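Secondary and tertiary structure notes
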Number of protein chains: 2
Amino acid sequence: MNGAECLLRTLLANGIDLCLMNPGTSEMQFVAALDRVPGMRGVLCLQEGVCSGAADGYARMTGRPAATLLHLGPGLANGLSNFHNARKARSPILNIVGEHSTQHLRYDAPLTADVEAFARPVSGWVRTLAFAGNMGAVAAQAIRAAYGPPGQVASLIIPADHSWSPAGAPGPAVQKPTRAVPSVDRIRTILNEPGVALLLGGSALSEQGLLAASRLGIPVFLNRNSGRIPRGAPWSPAQRVPYFPELAEALLAGIRHMILVEAEAPVSFFGYPNRRSTMAPEDCVFHTLAAQNEDGVAALEALGAGFPAPALPRPAPLKLPADGPLTPDTIGAAIAALLPENAIVSDEMVSSSEPVHLHLERAPAHDLLPVTGGSIGQGLPVAVGAALACPDRKVIALEADGSGLYTPQSLWTMAREHLDVTVVIFANRRYRILDVEMKRTGTTVIGPRADELVDLTRPDIDWRKLGESFGVESVSATSTSEFVDHLRAAMNRKGPFLIEAVLACE
Amino acid sequence: MNGAECLLRTLLANGIDLCLMNPGTSEMQFVAALDRVPGMRGVLCLQEGVCSGAADGYARMTGRPAATLLHLGPGLANGLSNFHNARKARSPILNIVGEHSTQHLRYDAPLTADVEAFARPVSGWVRTLAFAGNMGAVAAQAIRAAYGPPGQVASLIIPADHSWSPAGAPGPAVQKPTRAVPSVDRIRTILNEPGVALLLGGSALSEQGLLAASRLGIPVFLNRNSGRIPRGAPWSPAQRVPYFPELAEALLAGIRHMILVEAEAPVSFFGYPNRRSTMAPEDCVFHTLAAQNEDGVAALEALGAGFPAPALPRPAPLKLPADGPLTPDTIGAAIAALLPENAIVSDEMVSSSEPVHLHLERAPAHDLLPVTGGSIGQGLPVAVGAALACPDRKVIALEADGSGLYTPQSLWTMAREHLDVTVVIFANRRYRILDVEMKRTGTTVIGPRADELVDLTRPDIDWRKLGESFGVESVSATSTSEFVDHLRAAMNRKGPFLIEAVLACE
């Protein structure tokens, strides 16, 4: 058995049966081994950012790592931005990167680069395999490391000769780490203080965690940049901390004690002139119920034991929006009314976001996959990964037209794998959020030359053709009724479908 | 004057008047300053790999740095792969990256990352600005560093508050470094040895350098992965070192003394089982005429002084290919026959490359911009940069359909800036080079599951729609005569145009 086959068997022994790939010469042994070792699903992505973002989406939905297989330093480099998002989502990922064969590394060949240095900023664990005989053991260590807790990117760098050389036996099935359950006694004493609230993040943001939190009868806030958040009517009492610090401060005003559950004290996305970065009141005291590596759900359940379970709000039937100009508000109303139970929503709407979320809060229960690390270009790849993880659930990618252009190659993988993803492009033909942010950083007038760098017209992007170029059936909607018709059709079919929602001018 | 304006004025004082941008919130002051400081051309790219690749193409054609402006660590991450190529091309680039404001950095906001760590593997110079008052001086240092020699990526990281705070005067116009002229005496003694040859790379690969080299009357070889290579009939006696080591070894057999001019001893692109990485004969002795930071052209001229200048081959009129199946050979014949004098050819053809180059060697003189760092996705961005640098020259991007999918967003910038680029997509619907490489690393049979990871069908990519989606007029050709007609039309017009060349099955 050569190294590549040993690696493949170690992955399968650990239940890793999905590999998002953009391989090159140094990874050919791994590709060839797919035909000798059954059980691994190799999914080709046309750009590495799709691989890393899809692995993130998969991990968010399953809690388990998928593997990525990338080509040398530059291939890894293309995947870094979505690995950054995965790091912030605390997603477990086994990131396999090929390296030149050891005898070739001493020469400065074109593709020679410092692969470990590329990997380090996004990885919790980095190692270059030193000899083929270690393949199984080191791969098992990498898998163990990916689980954390919290989950992290484990980057295993494999010189090509260690893939083609004979290796030993596959590595063992590793013991999945368990999260420690923290003592809740010191928190229990705070529950009756005035102005006490919960802030949930990480793995505490499961249905079970939200149920337990709801028993405590105190306000529940959600870290908006968590990897996965159950949303919809049943979970509407819990509130996402707003993006803009003014709104966040208004929501959190009066909070004196904030109990952190796998979450950190809320800070604004960006720093601004003459404004502090923290968003809770300055006299707010923070109490950690569960750290990022601890079991927030168990802690919440321990804390809430004995409290009665409140009735959760039930979704009421929602009305479809009347025809009229197409806006984030009417799109949100349409989505909320047509969303099937238990859908998955990948959210990279950016400036169109808030009106849609107001509607989604009344929709049937669903899983929201938010922006985590703020590196745009995650929405479509995360949808790919979620659809691979949950083939029986409808995935909806709500995507800004600016953000969608960082990794549009995701559409091809949706087509090739026939993934059940409906993509909605919010086409306002502008990096609209930057209009706001430019003013916030002190620019009062946006001149014509600055405007050119925020404007996405001249030429407009034709999303229908873009989707079709990658093999995804695509339509364009310019009115609310058109959008409703297209969305209804999309919800009643399986497979990838793209709707360009051309927003009315504001 | 705030920091952003000071930065802009320092750039302009140093003749840097092009900035390839994908800005975000932290860079808004720089964007706003464009309207207060005339002279800087801000070019928007929809993905950062286009910025870095275009800056590379610009530097290859001008020898001067353009600026890039990228958003925080993740924005930089998206540009790293083409910065890797720029590093190998020894291209001077001033890479400006925004960072969170200093008071915000202590918090782990979503976009917080180790920006310097991302920058280091591709940069010869990295610095985070410590306070706004230093802006002009440090920016001038960065520009100086970018020039090298050899050219390099200088990464200047600027916390947002240093852009919005008052800064001092702009930095000075820096003295452009000169390259030292090495002594040629010790090389002169070798010229009459049997089996002596030249290997040229870097800045020695100019028309002037090739002219000087031709006087010596010894074989001239070219580092195929250099940033820019004059090619076409006048330069056809100089030979590019082949990609595959067997061919390279055959070409270099008999060479006993290789004189290196801004080049390193030739090594193969990849390492393979049971094969050495070096490609010159094992008993070949290497002699450095000029190191990478020295003036290879001056050294060649000093060495050749007194030798007569040989007559250069003149391009003969070339015949257009007869109609028939569309192949790299017929495409190459068509391009060579229709190529205007002094064109620029961005080459990322990968597996289609060699037949085309056989024709290009007989074409009118042109500049070839080859693959340098081997990170695919450079061909289209490099064409963008070359067209921005040389608006009066026709640019032709010869692009493989696999490689073209890493940075297709380049097409939009071609459309927006109305760049005179003709894109030819070699559509063989496959990562064809991997068929070859898989066998070379020891795999004799490519099974059906491996095949899926090399195959680009199911679905086919529709390049005509892809080009049109980004606003570029696009056509598809399936026969040689169709291709000739489209190419002739493209050569007789200005502005971006895409021809999908659907290759006949082999």
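Residues numbered from 1 in each chain as written. Chains lettered and ligands numbered in written order. Predicted model: local features only at pLDDT ≥ 70, side-chain atom pairs only at ≥ 80, totals over all residues.

What follows is about the overall build of chain A. Looking only at helices and strands, chain A has 19 helices and 18 strands in total. The C-alpha atoms of chain A give 23 Å as radius of gyration, which agrees with the globular expectation for 506 residues (23 Å, within 12%). Each principal axis of the C-alpha atoms in chain A carries an extent, and together these give about 65 × 60 × 45 Å. Here chain A holds 506 residues, and the buried ones make up 63% of them. For chain A, contacts bridging at least 24 residues in sequence account for 80% of all contacts bridging at least 6. (Helix = DSSP H or I, 4+ residues; strand = E, 2+ residues; numbered from the N terminus. Rg over C-alpha atoms; globule rule 2.2 N^0.38 Å. Buried ≥ 20, exposed ≤ 12 C-beta atoms within 10 Å, placed from the backbone. Contact = placed C-beta atoms within 7 Å.)

Here we come to the packing of helix H9 (residues 207-214) of chain A against helix H11 (residues 296-304) of chain A. All names here are of chain A. Contact pair H9 / H11: the axes reach a minimum separation of 8 Å and the direction vectors enclose 25 degrees. As summarised for this structure, H9 and H11 are arranged roughly parallel, according to the angle between their axes. As for how H9 packs across H11, the hand of that crossing is left-handed. Where H9 approaches H11, its residues Gln208, Gly209, Ala212 and Ala213 are matched on the opposing element by Gly296, Val297, Leu300, Glu301 and Gly304. A per-class count over the contact of H9 with H11 returns 4 nonpolar, 4 polar and 1 charged. (Axes fitted to C-alpha atoms, helices over the stretch in contact; angles between N-to-C directions. Parallel < 35°, antiparallel > 145°, perpendicular 65-115°, else oblique. Left-handed = near helix turned anticlockwise from the far one by under 90°. Nonpolar A, V, L, I, M, F, W, Y, C, P; charged D, E, K, R; others polar.)

Here we come to the domain arrangement of chain A. Residues and elements named next belong to chain A. Taken domain by domain, chain A holds domain 1 (3-164), domain 2 (185-304) and domain 3 (328-502). The C-alpha centroid of domain 3 is placed 27 Å from the C-alpha centroid of domain 2. Counting residues at the interface gives 16 residues for domain 2 and 17 residues for domain 3. The residue makeup of the side of domain 2 that touches domain 3, split by class, is 8 nonpolar, 5 polar and 3 charged. (Domains from an automatic or database assignment.)

Note on helix geometry: an α-helix contains 3.6 residues per turn, so any two residues three or four positions apart are oriented the same way. Residues and elements named next belong to chain A. The end-to-end C-alpha separation of helix H4 (residues 72-89) is 25 Å, in line with the 26 Å expected for 18 residues at 1.5 Å each. By the largest-angle criterion, Leu80 marks the main kink of H4, which is about 50 degrees. With respect to burial, H4 is a largely interior element, 18 of its 18 residues being buried. Looking one or two residues beyond H4, the residue adopting positive phi is Arg90, at roughly 60 degrees. (Expected span 1.5 Å × (residues − 1). Bend = angle between axes of the 7 residues up to and from the residue.)

Another point: the environment of Tyr107(A). Tracing the backbone shows Tyr107(A) in the loop between strand S4 (93-99) and helix H5 (115-119). What makes Tyr107(A) partly exposed here is the crowd of 17 C-beta atoms within 10 Å. It is 37 Å that separates the C-alpha atoms of Tyr107(A) and Ala59(A), two residues lying 48 residues apart in sequence. With residues up to four places along the chain from it excluded, the contact list for Tyr107(A) reads Val267(B) and Ser277(B).

Let us look at the interface of chain B and chain A. Each side of the interface is counted separately: chain B has 79 residues, and chain A has 79 residues. Among the elements that line the side of chain B that touches chain A, the one with the most residues is helix H4 (residues 72-89) of chain B, at 8 residues. When grouped by side-chain class, the residues that make up the side of chain B that touches chain A number 38 nonpolar, 27 polar and 14 charged.

What follows covers the relation of the copies chain B and chain A. Overlaying chain B on chain A yields an RMSD of 0.0 Å, the required transformation being a rotation through 180 degrees with an accompanying axial translation of 0.0 Å. The symmetry that links the two subunits is that of a two-fold axis. Interface overlap between copies is the fraction of interface residues in one copy that are interface residues in the other; for chain B against chain A it reaches 100%, indicating a shared surface. (Least-squares fit on C-alpha atoms with pLDDT ≥ 70 in both.)

This part covers the sheet that holds S4(A). Sheets are built from strands that pair by backbone hydrogen bonding, the pairs being arranged parallel or antiparallel. Residues and elements named next belong to chain A. Pairing is parallel in the open sheet, where 6 strands are placed in the order S2-S1-S3-S4-S6-S5. Where the open sheet ends on each side, the last strands, each with one partner, are strand S2 (41-44) and strand S5 (125-128). Along the sheet, successive strands turn relative to each other by an average axial angle of 20 degrees, direction set aside. Pairing geometry for strand S1 (residues 18-22) and strand S3 (residues 67-70), over 4 bridges, is parallel. Considered in S3, the bridge of Met21 is made with Leu69. Running over the sheet, helix H3 (residues 48-62) touches S1, S3 and S4 and is turned about 165 degrees from S1. Along the sheet, helix H6 (residues 135-147) makes contact with S4, S5 and strand S6 (153-159), crossing S6 at roughly 160 degrees. (Pairing = 2+ DSSP bridges.)

Moving on, we come to the nonpolar core. Of all hydrophobic cores here, the largest spans 352 residues; its most connected members are Val261(A), Ile499(A), Ala501(A), Val261(B) and Ala501(B). Val261(B) has contacts with Leu198(B), Leu199(B), Leu200(B), Gly201(B), Ala204(B), Leu289(B), Ala290(B), Gly296(B), Ala299(B) and Leu300(B), leaving out every residue within four places of it along the chain. (Core = buried A, V, L, I, M, F, W, Y, C linked by C-beta atoms within 7 Å.)

Attention now goes to the pairing of S3(A). Residue and element names in this part refer to chain A. Where burial is concerned, the two faces of S3 agree: the one with Ala67 and Leu69 and the one with Thr68 and Leu70 are both buried. Bridge analysis of S3 against S4 gives 4 bridges, and the strand direction is parallel. Bridging across to S4, Thr68 finds its partner in Asn95. Between the parallel elements S3 and S4, the chain passes through H4 in a crossover that is right-handed. (Right-handed = clockwise from strand over helix to strand, strands pointing away.)

This part takes up unusual backbone geometry. For the bond running from Arg458(A) to Pro459(A), omega is -5 degrees, close enough to zero to count as cis. Here Pro459(A) shows up in the loop between helix H17 (448-452) and helix H18 (463-469). Even without being glycine, His418(B) reaches a positive phi, approximately 50 degrees. Along the chain, His418(B) turns up in the loop between helix H15 (410-416) and strand S16 (421-427). For His418(B), a count of 13 C-beta atoms within 10 Å puts it in the partly exposed group.

All names here are of chain A. Here 5 strands make up an open sheet; going across it, the order is S10-S8-S7-S11-S12 and the pairing parallel. Each edge of the sheet is formed by a strand with only one pairing partner; in this case those strands are strand S10 (239-240) and strand S12 (285-290). As paired strands, strand S11 (residues 257-261) and S12 are joined by 5 bridges and run parallel to one another. Directly across from His257, in S12, lies its bridge partner Val285.

Quick look at the pairing of strand S7 (residues 196-200) of chain B now. Residue and element names in this part refer to chain B. As judged from the 5 bridges shared by S7 and strand S11 (residues 257-261), these two strands associate in the parallel manner. Bridge pairing links Val196 to His257 in S11. By the bridge criterion, 3 bridges tie S7 to strand S8 (residues 220-222) in an arrangement that is parallel. Bridged to Leu200 within S8 is Leu222.

Turning next to the environment of His357(B). All names here are of chain B. Within the fold, His357 resides in helix H13 (residues 353-360). According to the C-beta neighbour criterion, His357 is buried, with 21 such atoms within 10 Å. On a C-alpha basis, the gap between His357 and Asp329 in space is 9.2 Å, while along the polypeptide they are 28 residues apart.

Before going further, it helps to examine helix H19 (residues 480-491) of chain A. Residue and element names in this part refer to chain A. Across its 12 residues, H19 extends 16 Å between first and last C-alpha, which sits within 8% of the 16 Å expected from 1.5 Å per residue. Within H19, burial applies to Thr480, Phe483, Val484, His486, Leu487 and Ala490. The inward-facing, buried residues of H19 contact helix H12 (328-338), strand S16 (421-427), strand S17 (473-477) and strand S18 (497-502).

All names here are of chain A. At a closest axis distance of 8 Å, the pairing of H12 and helix H13 (residues 353-360) adopts a crossing angle of 30 degrees. The orientation of H12 with respect to H13, classified from their angle, is roughly parallel. The two elements H12 and H13 meet at a crossing, and its hand is right-handed. Contact residues: H12 offers Pro328, Asp329, Ile331, Gly332, Ala333, Ile335 and Ala336, while H13 offers Pro355, Val356, Leu358, His359 and Leu360.

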